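The chain contents come next:
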Amino acid sequence: MYLLEVLSGPLDGKTWSFEREITIGRDDKVAEACIALDRYVSRKHAHVRADGETILLTDLKSRNGIRLDGKSVERDAQVDVGAPFVVGRTTLRVTRA
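Report on the accompanying structure. (Residues numbered from 1 in each chain as written. Predicted model: local features only at pLDDT ≥ 70, side-chain atom pairs only at ≥ 80, totals over all residues. Heavy atoms only, no water.)

This paragraph deals with the packing of aromatic side chains. Within this structure, the stated rule accounts for one aromatic pair. When the centroid spacing of 5.7 Å and the interplanar angle of 25° are considered together, the rings of Y2 and F18 count as stacked. In this pair, Y2 is assigned in strand β1 (residues 2–8) and F18 in strand β2 (residues 15–18), connecting sequence segments 16 residues apart. Assessed through its relative accessible area of 6%, Y2 is described here as buried. A cation sits over an aromatic face here: R89 above Y40, 3.9 Å from the ring centre. (Phe/Tyr/Trp six-rings, centres within 6.5 Å; stacked < 30°, edge-to-face > 60°. Helix = DSSP H or I, 4+ residues; strand = E, 2+ residues; numbered from the N terminus. Buried < 20%, exposed > 50% of the residue type's maximum accessible area, 1.4 Å probe, protein only. Lys NZ or Arg CZ within 6 Å of the ring centre and 35° of its normal.)

Written out as structure tokens, the structure is:
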């Protein structure tokens, strides 16, 4: 079990639990992790898939992309459990529950 946690942004402190994968977006009809208050988050922005200690982030052709270590992620990026990343203007991380 994993937790997707908001570290900063309009939903600071909010968490969503997931087993292996979760979709991040602004529309709760297509995203389990709905960040509706961040207007820089696309309707269906990113996908997170957990595999052991590695997290795979996938940009779902969002308008504002994903940032990791201050750099834009073009398509997919691997990130360690606990490492922060930015979707829209919201900073998130994945931890073990």
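Here we take up the environment of E32. Mapping E32 onto the fold places it in the loop between β3 (21–25) and β4 (33–34). Taking the C-alpha atoms as reference points, E32 and G65, 33 residues apart in sequence, are found 18 Å from one another. When sequence neighbours within four positions are dropped, the list of residues in contact with E32 reads W16, I22 and T23. Reaching out from E32, the side chain makes a polar contact with the backbone nitrogen of T23 at a distance of 2.8 Å. (Contact = heavy atoms within 4.5 Å. Polar contact = N/O pair within 3.5 Å; in protein donor to acceptor, adjacent residues only side chain to side chain.)

Next up on the list: the sheet that holds β2. The antiparallel open sheet is built from six strands, whose spatial order is β2-β1-β11-β10-β7-β8. If you trace the sheet from one side to the other, it starts and ends with β2 and β8 (71–73), each paired once. Neighbour to neighbour, the strand axes of the sheet diverge by 35° on average, direction disregarded. Here strand β10 (residues 85–87) pairs with strand β11 (residues 90–96) via three bridges, running antiparallel. Residue pairing across strands places F85 opposite L92, the latter belonging to β11. (Pairing = 2+ DSSP bridges. Axes fitted to C-alpha atoms, helices over the stretch in contact; angles between N-to-C directions.)

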